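Breakdown of the fold
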Amino acid sequence: MIGGVFVYNHKGEILISRMFRNDIGRSAVDAFRVHVIHARQQVKSPVNSIARTTFFHTRLGNIWIAAVTKQNVNGALVFEFMHKFKLLMTSYFGKITEDNIKNNFVLIYELLDEVLDYGYPQNTDSGILKTFITQQGIKTTTREESTQITSQVTGQIAWRREGIKYRRNELFLDVLENVNLLMSAQGQVLSSHVAGRVVMKSFLSGMPECKFGLNDKITMEKQTNAKSDDNLSKGASTKTSIAIDDCTFHQCVKLSKFESERAISFIPPDGEFELMKYRTTNDIALPFRIHPMVTERDKKHSMDYKVILKSNFKPAIQAQKIEVKIPIPPNATNVQLICMKGRAKYKSGENIISWKIKRMGGSKDATLTADVEFMDSKDRKKWTRPPISMNFEVPFAPSGLKVRYLKVFEPKLNYSDHETVKWVRYIGKSGIYETRI
């Protein structure tokens, strides 16, 4: 079964090392550090085989937990044990961090000896284990918790000092979104979502309070129900609203006001900071669509590509930094390219055609055709046809998110909201934007 359990920090330093079988040596600790934690390329698979040793790992922030074995074990059982062990540590000493692990290493070794017997998982129920492992875990106070305690006791705001003064009060707000898409070759959207951030840069004097409003669905529905029919006819409708699936805020945001009023109220830190993160999956305006047509001819010794790129936004808007990466078979010998817009280049080292366009307006289309010849080999594996990927940047938010208002109040210095210069910018970029061929 499980030969050993190792816990590492983000540097690859060993925090916990417990061997349960003689076939696992100290070299396994170093092998995981070198080939997984310090690997040149990011290791995406949670299961890795190194020198006839299998490593199952999971990651919690800066902590790596690895289970090691040389036997043919049930992978699902190993991951279930690791999940239960994480819950067990959480129930004893709270959040799993490097400091908490160092402060509770004696308790962790005792728990490992109870839940694993010669590598076989035993009872992992925390309620039962706490009846005979009665040791209390040592909980380390996090920076956020200590900041909250300090502000409650002293009334001080940890993220902003007093006495800040500027000749000109300015506020810069950037709505940055990454669009992720997987589309079928027939043009059907298989999955899509937007991961967004609201980044603010404040140059405000004193201790100002800011109020920030979005066109999220709950807020717009509340306002629509509260207004009369006359006001509705002026344009306040739920069609312009978006549904935010989940969001997280900077510690300066007053969450109680957001829960009750759906208003983002905060005293901003000085300089640049990330105000909020959010995610949305509904009614995404996809900036581009790719229509690929790939046909094989001459007894599968060559292929014809025709890739049509269409922009789906207003004609006045200009997209930039556009790159389409079209995969081709690895045994290609000759590639002939024709494109009327942009520049196309065959990159043999990456087995792709890179098609770059500096700028492209809305409601436009561009076409690339390619004739690819390749060697025929009887023992070659069938080409899996990887998807076409794309990079771009557009000056709008594909999710439809809009900043409805941004207000600034400073009661002590008594400068008004109208005297504050405010800038709002929207930038949409490609995340994993792929179309199958």
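Just so you know, these numbers come straight off a predicted model, no measurement behind them. (Residues numbered from 1 in each chain as written. Predicted model: local features only at pLDDT ≥ 70, side-chain atom pairs only at ≥ 80, totals over all residues. Heavy atoms only, no water.)

Once that is clear, we can look at the sheet that holds strand β3 (residues 47-50). Strand order in the open sheet formed by 5 strands is β2-β1-β5-β4-β3, with antiparallel pairing between adjacent strands. The open sheet has two edge strands with one neighbour each: β2 (14-19) and β3. The sheet shows a mean angle of 20° between the axes of neighbouring strands, taken without regard to direction. The sheet contact formed by strand β1 (residues 4-8) and β2 spans 5 bridges and is antiparallel. Across the sheet, residue Y8 finds its bridge partner in β2, namely I14. Running over the sheet, helix α4 (residues 105-115) touches β1 and β2 and is turned about 25° from β2. (Pairing = 2+ DSSP bridges. Helix = DSSP H or I, 4+ residues; strand = E, 2+ residues; numbered from the N terminus. Axes fitted to C-alpha atoms, helices over the stretch in contact; angles between N-to-C directions. Contact = heavy atoms within 4.5 Å.)

On to the packing of helix α2 (residues 75-93) against α4. For the pair α2 and α4, the least separation of the axes is 11 Å and the interaxial angle reads 140°. In this view, α2 runs oblique relative to α4, as classed from their interaxial angle. Considering only the axes of α2 and α4, their crossing is right-handed. Residues F81, F85, L88, M89, Y92 and F93 of α2 form the contact with α4, whose own contacting residues are L107, I108, L111, L112 and V115. Across the contact of α2 with α4, the residue classes tally to 11 nonpolar, no polar and no charged. (Parallel < 35°, antiparallel > 145°, perpendicular 65-115°, else oblique. Left-handed = near helix turned anticlockwise from the far one by under 90°. Nonpolar A, V, L, I, M, F, W, Y, C, P; charged D, E, K, R; others polar.)

Okay, the pattern of salt bridges next. In the structure shown here, the tally under the stated rule is 13 salt bridges. The partner of E393 in a salt bridge is K321, and the shortest N-O contact between them spans 3.7 Å. Of the two residues, E393 sits in strand β21 (residues 388-394) while K321 sits in strand β16 (residues 318-327), which places them 72 residues apart along the sequence. Looking at E393, the relative accessible area reads 13%, which means it is buried. Connected via shared salt-bridge partners are R197, E274 and K277. (Salt bridge = Lys/Arg side-chain N within 4 Å of Asp/Glu carboxyl O. Buried < 20%, exposed > 50% of the residue type's maximum accessible area, 1.4 Å probe, protein only.)

Under the criterion given, the structure shown has 14 aromatic pairs. Measuring from ring centre to ring centre gives 5.5 Å for F56 and F79, while their planes differ by 80°; the resulting arrangement is edge-to-face. With F56 in strand β4 (residues 53-60) and F79 in helix α2, this pair connects stretches of sequence that are 23 residues apart. We classify F56 as buried; its relative accessible area is 6%. With a centroid separation of 6.5 Å and an interplanar angle of 70°, the aromatic rings of F266 and F273 are classed as edge-to-face. By the burial criterion, F266 is buried, and F273 matches it. (Phe/Tyr/Trp six-rings, centres within 6.5 Å; stacked < 30°, edge-to-face > 60°.)

All right, on to the confidence of the model for the protein then. As a general rule, the predicted coordinates of low-pLDDT regions are not to be interpreted in detail. Averaged over the protein, the pLDDT score is 86; the fraction of residues at 70 or greater is 89%. At the low end of the mean pLDDT range in the protein sits helix α8 (residues 229-233), at 41; at the high end sits β21, at 96. In the model, residues 228-239 has pLDDT below 50 throughout and makes 8 contacts with residues more than four positions away in sequence or in other chains. (pLDDT = per-residue confidence, 0-100.)

Once that is clear, we can look at the sheet that holds β21. Judged by pairing direction, the sheet is mixed, and its 9 strands sit side by side in the order β11-β13-β9-β8-β23-β21-β16-β19-β18 without closing on themselves. Since the sheet does not close on itself, it has two edges, and those belong to β11 (246-249) and β18 (343-347), each with one partner. Going across the sheet, the axis of each strand differs from the next one's by a mean of 15°, ignoring polarity. Of the strand pairs in this sheet, β21 and strand β23 (residues 421-435) are connected by 4 bridges, and their pairing is antiparallel. Its bridge partner lying in β23, I388 is registered against T435.

Only one face of β3 is covered, namely the face carrying N48 and I50; the face carrying V47 and S49 is uncovered. Strand direction decides the pairing type here: β3 and β4, joined by 4 bridges, are antiparallel. Among the inter-strand pairings, N48 is bridged to a residue of β4, identified as F55. The turn joining β3 and β4, which pair antiparallel and follow one another in sequence, is formed by 2 residues; a positive phi near 50° is taken by A51.

The subject of this paragraph is α2. Spanning 19 residues, α2 covers 27 Å between terminal C-alpha atoms, matching the ideal 27 Å at 1.5 Å per step. Of the positions making up α2, those classed as buried are V78, F81, M82, F85, K86, L88, M89, Y92 and F93. With its buried residues spanning 160° around the axis, α2 presents them on a single face. Just past α2, the residue G94 takes up positive phi, approximately 80°. (Expected span 1.5 Å × (residues − 1). Arc of directions from axis to C-beta.)

Moving on, we get to the nonpolar core. General note: in soluble globular proteins, nonpolar side chains tend to be found buried as a group. Among the nonpolar cores identified, the biggest contains 39 residues, and F288, Y305, L309, I322 and M390 are the most heavily contacted of them. Of all elements in the fold, only β8 (170-183), β14 (288-297), β15 (302-311), β16, β17 (332-339), β19 (352-361), β20 (365-374) and β21 reach the threshold of two or more residues within this core. With 5 residues, β20 is the largest single contributor of residues to this core. V5, F56, Y92 and F93 belong to the second largest nonpolar core, which has 30 residues in total. (Core = buried A, V, L, I, M, F, W, Y, C linked by side-chain atoms within 4.5 Å.)

The next thing to look at is the environment of G61. You can see G61 is positioned in the loop between β4 and β5 (63-69). With a relative accessible area of 58%, G61 lands in the exposed category. Separated by 51 residues in sequence, G61 and H10 have C-alpha atoms that sit 8.4 Å apart.

Time to look at the environment of D216. Of note, D216 is situated in the loop between β10 (209-214) and α7 (217-226). Classification of D216 by relative accessible area gives buried; the value is 5%. Apart from residues lying up to four places away in sequence, D216 is in contact with S241, I242, I244 and R262.

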